[in-house]
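Residue strings, one per chain:
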Amino acid sequence: MRIESPRYTERVGSVRINDVQKVLELDSGRAKELPREEKIAVQKTEEDTIKDLEEKMAIIIPTKDEKLKLFEGVISGVPHECLIIVVSNSQRKRVDRFRMERDTLSQFCHFTRRQALIIHQKDPILAEALREAGYTELLGEDGQIRDGKAEGMMIAMLIAMIAKKNYVGFIDADNYFPGAVWEYVRCYASGFSMAKSPYVMVRILWRYKPKISTGMYFKKWGRVSEITNRCINSLISTKTGFETEIIKTGNAGEHAMSLGLAKILPYASSYAVEPQELVSIFEGFGGVLPMAHQAAAKHGVEIFQIETRNPHLHEEKGEQHQQEMLLPGLGVIYHSPLCDKDTKQMVLDELRQQNAISQDKEPSKPRLYPPLKKVDLQQFTKAIKEHIDSYSALEGEQ
Ligand code: GDP
Ligand code: CO
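Positions within a chain are numbered from 1, following the residues in the order the chain's sequence is written. Throughout, the order in which chains and ligands are written sets their labels, letters from A for the former and numbers from 1 for the latter. In keeping with the predicted nature of the model, local features appear solely for residues at pLDDT of at least 70, side-chain atom pairs appear and are counted solely at 80 or more, and the whole-chain, interface and lining totals rest on all residues. Side-chain metrics rest on all non-hydrogen atoms present in the structure, leaving aside hydrogens and water.

A. Seen up close, the pattern of salt bridges. For salt bridges, the criterion is a side-chain nitrogen of Lys or Arg within 4 Å of an Asp or Glu carboxyl oxygen. By the definition in use, this model includes 18 salt bridges. When the shortest N-O distance is used, the salt bridge between Lys67 and Glu315 registers 3.0 Å. With Lys67 in the loop between strand E6 (57-63) and helix H3 (68-76) and Glu315 in the loop between strand E13 (301-308) and helix H12 (319-334), this residue pair connects regions lying 248 residues apart in the sequence. With a relative accessible area of 45%, Lys67 lands in the partly exposed category. Here Arg131 and Glu128 are joined by a salt bridge, their closest N and O atoms 2.6 Å apart. Note that Arg131 and Glu128 are positioned in helix H5 (residues 124-132) at a spacing of three residues, about one turn of the helix. Note on classification: 1.4 Å probe, protein chains only; a residue is buried when its accessible area is under 20% of the maximum for its type, exposed when over 50%, partly exposed between these limits. For Arg131, a relative accessible area of 35% gives the class partly exposed. Exposure remark for Glu128: the relative accessible area of 34% places this residue in the partly exposed category. Salt bridges here are not isolated pairs; linked through shared partners, they connect Lys149, Asp172 and Glu274. Every helix listed is a DSSP run of H or I at least four residues long, and every strand listed is a run of E at least two residues long, numbered separately from the N terminus.

B. The coordination of the cobalt ion (ligand 2), seen in detail. Around the cobalt ion (ligand 2), the protein contributes the donor atoms Asp174 (OD) and His314 (ND1), which lie 2.0 to 2.1 Å from the metal centre. Around the cobalt ion (ligand 2), the four donor atoms are arranged such that angles at the metal cover 83 to 166°; this shape is classified as square planar. Taken together, the residues span a long stretch of sequence, with Asp174 in the loop between strand E9 (167-170) and helix H7 (178-194) and His314 in the loop between E13 and H12 at a distance of 140 residues. Here the two residues Asp174 and His314 agree in accessibility, since each one is buried. Coordination here is defined by N, O and S atoms within 2.8 Å of the metal (3.2 Å for Na, K and Ca), and since water is not considered, a site can look incomplete. Tetrahedral means four donors with every angle between 85 and 135 degrees, whereas square planar (four donors) and octahedral (six donors) require angles over 155 degrees between opposite donors and between 65 and 115 for all others; sites fitting neither are termed irregular.

C. Highlighting the site of ligand 1. To be near a molecule or strand, a residue needs just one of its heavy atoms within 4 Å of it. Surrounding ligand 1, one finds 17 residues, the nearest of these being Pro62, Glu66, Asp174, Tyr271 and Lys317. What qualifies as a polar contact is a pair of N or O atoms within 3.5 Å, subject to a donor-acceptor requirement within protein and to the restriction that residues adjacent in sequence count only when both atoms come from side chains. Within the contact set of ligand 1, an oxygen atom lies 2.8 Å away from a side-chain nitrogen or oxygen of His321. More than half of the atoms of ligand 1 fall within 2 Å of the grid points belonging to the largest pocket. Of all the secondary-structure elements, those providing two or more residues to the shell around ligand 1 are E6 and H12. Looking at side-chain class alone, the shell around ligand 1 contains five nonpolar, six polar and six charged residues. Think of a 1 Å grid over just the protein atoms. A cavity is a set of points where a 1.4 Å probe fits yet cannot get out, a pocket is an open set with protein on both sides within 12 Å along at least five of seven lines, and lining residues have an atom within 4 Å of a point. By definition, a pocket or cavity contains a molecule when more than half of the molecule's atoms lie within 2 Å of the pocket's grid points. When residues are grouped by polarity, Ala, Val, Leu, Ile, Met, Phe, Trp, Tyr, Cys and Pro land in nonpolar, Asp, Glu, Lys and Arg in charged, and all others, Gly among them, in polar.

D. Empty space enclosed by the protein, seen in detail. Grid points are joined across faces, edges and corners, and a volume is the space filled by probe spheres set on the points. Counted under the stated rule, the structure contains two cavities of 30 Å³ or more. What lines the second largest cavity is simply Val12, Leu235, Ile236, Lys239, Phe282, Gly286, Val288 and Leu338. Per-element accounting of the lining of the second largest cavity gives the leading share, three residues, to helix H8 (residues 216-240). A per-class count over the lining of the second largest cavity returns six nonpolar, one polar and one charged.

E. Spotlight on the side chain of Glu101. For Glu101, the location among the structural elements is in helix H4 (residues 97-112). We note that Glu101 is buried and unpaired, the nearest opposite charge coming from Arg97 at a distance of 5.1 Å. A contact between two residues is defined here by any heavy atoms of the two lying within 4.5 Å. The contact partners of Glu101, leaving out residues within four places of it in the chain, are Thr63, Asp65, Leu68, Phe71, Ser88, Ser90 and Ile118. Within this scheme the basic residues Lys and Arg register as positive and the acidic residues Asp and Glu register as negative, but His and the chain ends are omitted.

F. How the structure looks around helix H10 (residues 273-285). In this model, H10 (13 residues) spans 18 Å end to end at C-alpha, consistent with the 18 Å of a helix rising 1.5 Å per residue. Of all 13 residues that make up H10, 13 are buried, and the element is covered over most of its length. Gly287 sits one or two positions beyond H10 and adopts a positive phi of about 90°. In this scheme, a helix's expected span is set at 1.5 Å multiplied by one less than its residue total.

G. Seen up close, the layout of surface pockets. There is about 570 Å³ of room inside the largest pocket. Forming the boundary of the largest pocket are 28 residues, of which Glu66, Lys149, Tyr271, Lys317 and His321 lie nearest the centre. Sorting the residues of the lining of the largest pocket by element identifies E6, helix H6 (149-162) and H12 as the ones contributing at least two each.

H. Region of the structure containing the packing of H6 against H10. Every axis in this analysis is a line fitted to C-alpha atoms, fitted for helices over the stretch in contact. Angles between the N-to-C directions lie between 0 and 180 degrees. Packing of H6 against H10 leaves a shortest axis separation of 10 Å and a crossing angle of 65°. Listed contacts from H10 to Lys149, Ala150 and Met153 of H6 are Val273, Glu274 and Glu277. Considering only residue class, the contact of H6 with H10 consists of three nonpolar, no polar and three charged.

I. View of the pairing of strand E4 (residues 21-25). Pairing analysis gives two bridges linking strand E1 (residues 2-4) to E4, with the strands arranged antiparallel. Residue pairing for E4: Ile3 is matched across the bridge by Val23. Where E4 lies against E13, two bridges are found, and the strand directions are parallel. In the sheet register, Gln21 faces E13, and the bridge partner there is Ile306. The pairing criterion is simple: DSSP has to find at least two bridges between the two strands.

J. Here's a closer look at the packing of H12 against helix H13 (residues 341-353). The contact between H12 and H13 brings their axes to 10 Å, and the two run at 165°. Here H12 is positioned roughly antiparallel relative to H13, judged by the angle of their axes. The hand of the H12/H13 crossing is left-handed. Two secondary-structure elements touch here, H12 through Leu326, Leu327, Leu330, Ile333 and Tyr334 and H13 through Thr343, Lys344, Val347, Leu348, Glu350 and Leu351. The residue inventory of the contact of H12 with H13, partitioned by class, reads eight nonpolar, one polar and two charged. What sets the label is the angle itself: under 35 degrees gives roughly parallel, over 145 gives roughly antiparallel, 65 to 115 gives roughly perpendicular, and the rest give oblique. Take the far helix as your reference; a near helix turned counterclockwise from it by less than a right angle gives a left-handed crossing, and one turned clockwise gives a right-handed crossing.

K. Geometry of the environment of His120. Take His120: it is sitting in strand E8 (residues 116-120). Look at His120 and you get buried, because its relative accessible area is 6%. Counting along the chain gives 141 residues from His120 to Leu261, while the straight-line C-alpha distance between them is 25 Å.

Dropping the structure here:
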């Protein structure tokens, strides 16, 4: 595939944030020696390189009571070489939706001859394994893994580590276009192939969000991202002393990381997770606070933002949901030790304008989880070893 070369890179401490790169060509044909002048403006990633990277990648699909047809479409779009890891928090009472997801995945794997894993977020075995591995932060008062998308992503990342993958990519289960899913994964691979550092993150940006029904939702959705980006950019600007608009993917649900980076970042709960990843990177490696990790500081942390060709269309969950997205995201910015007075005021103004908080209130501080390197992976693996087969979508087939 062909992608624009990064035209501009903003450097903040050890962090390198590349400006948005557009996809030029989804399929760039056979491998050929490129003329030198082409290489300057365009990044061609060969099919073999993409496949090699896909082989090292786990695609994590967090899901909670999504339409089965959408889920089915999403898994069909994940390239064959990737290991699919579904982490579900769907209901099991009344209608066992988890069972339905499992069956759908099994059938898919059976006919496509591929491997996939599916786990339920409330599986007591996983909770117990976390306890034994010394990572109880993820557990609630009832002893189970807490609700939330971030919490699901984290447990799935541990499974990806056990499966000895090098990269994780996230794709929401409510995507309407399997073609978009396919493109996201290729963008992840392409970003990884461009990286000079083993500590790398790729975030997806979409230009087109087609309108379906009334349009209001889409406008608002755009606004959530816009506001989050503006506040993160303000956070960076006040540290460098130069205004910047470099961050355009503050809320990107579709994103990917090397596990090297994934292991050392603190995460925020539920929907605050995506903006917090960026905030964590600036806190840990932006050069203002002490460096969070020596090797990563030395190599640098690289962020790519890639704009896809496929339009993005996902389930619309209503206005209430928009506020549920905005508030925690801005909360992480507001409560970051990097956050200055002006950015704090900007956050408050935005939240008040959206009626997301009342005049005299501050956004609450999102729950923060320590980096996953704290988990004793050996212990964790030992604890789920007997059960790992039961997570396989092809259980009993081989
Ligand atoms: P948006 O797309 O950012 O507006 O947020 P969504 O509500 O669509 O959530 C993104 C993805 O996370 C979807 O695939 C959801 O099904 C999934 N999700 C939401 N909550 C949870 C949860 O508690 N656990 C898991 N595992 N997935 C969740
Ligand atoms: Co969604």
